[in-house]
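Listed here are the chains, written in short residue letters.
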Amino acid sequence: MDVLKKIPVREQDAKVRATNFEEVCYGYNQEEAMEEAARCINCKNAKCINGCPVSINIPGFIKEVKEGNFEEAANVIAESSALPAVCGRVCPQESQCEGQCIRGIKGEPVSIGKLERFVADWSREHGFVPKAAEVKLGKKVAVVGSGPAGLTCAGDLAKMGYEVTIFEALHEPGGVLTYGIPEFRLPKESVVQTEIENVRKLGVRIETDVIIGKSVTIDELMDEEGYEAVFIGSGAGLPKFMGIPGENANGVFSANEYLTRNNLMKAFREDYDTPIVAGKKVAVVGGGNVAMDAARTALRLGAEVHIVYRRSEAELPARVEEVHHAQQEGVIFNLLTNPVEILTDENDWVKGIKVRKMELGEPDASGRRRPVEIDGSDYVMEVDTVIMSLGTSPNPLISSTTEGLETNKRQCIVAEPENGQTSRPGVFAGGDAVTGAATVILAMEAGKHGAKGIHEYLSQK
Amino acid sequence: MYKILKAEKLAEKIFLMDVEAPRVAKACQPGEFVIVKMDEKGERIPLTICDFNREKGTVTIVFQIVGASTYRMAELKAGDGFQDFVGPLGQPSEFVKEDLEEVKGRRYLFVAGGVGTAPVYPQVKWMKEHGIAVDVIVGAKNKELLILEDMMREVAGNLYITTDDGSYERKGMVTEVIQDLVENQGNHYDVCVAIGPMIMMKFVCKLTKELNLPTIVSMNPVMVDGTGMCGACRLTVGDEVKFACVDGPEFDGHLVNFDEAMKRQQMYKTEEGRAMLKAVEGDTHHGGCGNCN
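Criteria and thresholds
- The numbering scheme is per chain: residues are counted from 1 as the chain's sequence reads.
- Chains and ligands are labelled sequentially in the order written, the chains with letters from A and the ligands with numbers from 1.
- pLDDT decides what is reported in this predicted model: residues at 70 or higher carry local features, side-chain atom pairs at 80 or more are listed and counted, and totals for whole chains, interfaces and linings draw on all residues regardless.
- Note that the side-chain values use all heavy atoms of the structure and ignore hydrogens as well as water.
- In summary, the pairing rule links any two rings of Phe, Tyr or Trp, Trp by its six-membered ring, whose centres are within 6.5 Å, and it sorts them by plane angle into stacked for under 30 degrees, edge-to-face for over 60 and tilted for everything else.
- In DSSP terms, a helix is any run of H or I states spanning at least four residues, a strand is any run of E spanning at least two, and both are numbered starting from the N terminus.
- Relative accessibility thresholds used throughout: buried, under 20% of the residue-type maximum; exposed, over 50%; partly exposed, between the two (1.4 Å probe, protein chains only).
- Every case where a carboxyl oxygen of Asp or Glu lies within 4 Å of a side-chain nitrogen of Lys or Arg is listed as a salt bridge.
- Pairs of residues are marked as contacts when any of their non-hydrogen atoms sit within 4.5 Å.
- Accessible surface is computed with a 1.4 Å probe, and the buried area is the amount of it that two parts give up when combined, taken over both parts together.
- Two N or O atoms count as a polar contact when they lie within 3.5 Å, although within protein this holds only if one can serve as hydrogen donor and the other as acceptor, and sequence-adjacent residues are included solely when both atoms are side-chain atoms.

Trainee: Got a minute to help me understand the packing of aromatic side chains in this structure?
Mentor: Aromatic ring pairs are reported here in terms of the distance separating the ring centres and the angle at which the planes meet. All names here are of chain B. Applying the stated criterion to the full structure yields 14 aromatic pairs over all chains. Taking 6.1 Å as the distance between ring centres and 35° as the angle between the ring planes, the aromatic pair formed by Tyr-2 and Phe-85 counts as tilted. Placement of Tyr-2 in strand β1 (residues 2–11) and of Phe-85 in strand β7 (residues 84–89) is noted, with a sequence separation of 83 residues between them. There is no split in this pair, since Tyr-2 and Phe-85 are both buried. A ring pair is formed by Phe-95 and Trp-126, whose centres lie 4.9 Å apart and whose planes are at 50°; its orientation type is tilted. Of this pair, Phe-95 sits in helix α3 (residues 94–97) while Trp-126 sits in helix α5 (residues 117–129), and the two are 31 residues apart along the sequence. Assessed through its relative accessible area of 3%, Phe-95 is described here as buried. Accessibility expressed as a relative area gives 11% for Trp-126, which makes it buried. A network of ring pairs unites the aromatic residues Phe-95, Tyr-108, Phe-110 and Trp-126 as a single cluster.

Okay, structure coming up:
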């Protein structure tokens, strides 16, 4: 065994998995996990913990894995995270915990993400149940949205003894974990539903089909329904479009629509009613994780899939692992390419996409080199489906129906990062609703801070 | 589970149901809509609100069988329930938010076509409750497909019914009635509210543009979540792209691009037709839908 290298993780063969929705990565078994855990040198000043937005005691749980005490390892993680099976799968570990790992200076870092996943999967398979609070404080808190921010905030508050209700607009809880991230990356039944069930076991109630701002307002929750504080974790769900000609043609979808049809409504399954236009030749516009998810979904539905991205591979905002997986599965990357028009047939169906070649110029405000159009380089890609994956922004439903709730010009709710306090007393917010589209783990961190802020607020009240 | 208290067949393929949904009943306003999902495998279906009872906590919906999910929904009876019933969604009709005196000062003409009679009803009822008598035109293909006649008669000022085949009351399209009221009878209207099939709304708008009569339409495009998340319901209104679910469903009919909206509505026709054939024929379905052999 080469101690400088990670124990490799088993995956479904790329050719096989490109045709099914089963999970790509199999994860470690006990032996592999213990062997990988042994690579951790248990640093006194563990930098990995600083790299973790929710500050999991990483060397602590890895030490338990190394010794085969998996239940104890689960307890260590549960102190900081309510969603380890999710985080072990979708966190960008390479830029967080693993990015700080001392082993990574000379060789590969410890595979912290895969170890977290192993512990979470082991505890699920062995019926490990988190402990509910023993004290009840008799105070009601409402949480808006059941995505990673809301679930984390609700879980933390329940552990402190608050009576927490989560209000979810869709018919299934989970937010982006349910409607956004596909089955092959984050299995819904075994992983997402189990972790939500664990949050319920902490005493959290989840009411689905309630749209805060429409079915009931924040003010009504506080004045009429007896909630003493509210945490808004409603995410960033509104899709962006490019504003180019032809964008309303049939066969043009937002990545949100495409993924929601498939993940939430299970359009990929014959026995569900919701339809999806699979497409024979699909262009996905964008280079983020959502673009990769949409591309790999279209691939599995049987299409030839192209990623169309205006910068080069180095600037792709998606995780390297996701880009590799997409490439292995056969997604074609058309980089330094930008759509200028969607071409349609006589029935208003997409028949192609006119694109322009780009080159990289000087760095822009984001620090990445700015893409510059090359004159006269336009050409047509023949496709029948276009999926726009250009990012999302927060839904104004809540801010527009809550008097005195301050938002910024991007429609994000203004909240203090350390405790989630908004401009309204008793109202806290965090996650994508505050920051704009970001990651699962950053939303969880904001949920934690919100829970802390609400606890401080209600303790003083 | 949202319990169905009443289920009634109004006409061929058209059904009315009273559903227990206290949160929706408490908050809803004319012009808004709900999304229902029958069971685990059903679609999320946007339906306009036909009536509501805040005390009883019930909402009345009317729907027509158009796809696999509505076909299965039609089989539900009183005592059954919907797995999901969420709302209210969209923006209330403009007059609900406006100064009442200003609304009272206007003459309204409501034009309902087919199942579109259902969303027109709560608006006309609101008018009656606020002491405003409005003219209402209801159009149907034939006498058998005319719905909610008695309910509408109770709340409308003048009610004009027309059928395409002349099997009941007037014969002809709703546009012919509008023309008759304005041109022959010399009625003046300040606002027209037209709700029905897209093709009807398109032709009503074409006429009212000529008559210089501002017209509001209620759009019913394909939707998934109904909260602004997917963008499936996008429309071109004037120079802007609007989402029917959060910006609408009601828009200035003279600015809506109906041709685009109608083409977009066709998008899932094949897929939905397929799912429906499967629902009807089950495992015996082998061909005939145009998609399989």
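Having seen it, we continue.
Trainee: Could you clarify how one ought to interpret the pattern of salt bridges in this entry?
Mentor: Residue and element names in this part refer to chain A. Under the counting rule described, the total for this entry stands at 47 salt bridges over all chains. Between Glu-329 and Arg-300 there is a salt bridge; the shortest N-O distance is 2.8 Å. Placement of Glu-329 in helix α15 (residues 320–329) and of Arg-300 in helix α14 (residues 289–300) is noted, with a sequence separation of 29 residues between them. It is possible to trace a salt-bridge network through shared partners that takes in Glu-11, Arg-17, Arg-185, Asp-293, Arg-296, Arg-300, Glu-322 and Glu-329.

Trainee: Looking at this model, I keep getting lost on the interface of chain A and chain B. Mind explaining?
Mentor: By convention, interface size is frequently given as the accessible area that disappears when the constituent parts associate. Each partner contributes residues to the interface: chain A has 47 residues there, and chain B has 46 residues. Between chain A and chain B, a total of about 3800 Å² is buried, with carbon and sulfur atoms accounting for 51% of that surface. A per-residue breakdown of the area chain A buries against chain B is headed by Lys-214, Asn-248 and Asp-273 of chain A, which together make up 20% of the total. The tally of links between chain A and chain B comes to six salt bridges. For Lys-214 of chain A, the salt bridge identified is with Glu-32 of chain B, shortest N-O distance 2.9 Å. On inspection of chain A and its partner chain B, the count reaches 24 residue pairs in polar contact (both at pLDDT 80 or more). Counting residues per element, the ones that place at least two in the side of chain A that touches chain B are β5 (238–239), β6 (252–254) and α13 (255–264) of chain A.

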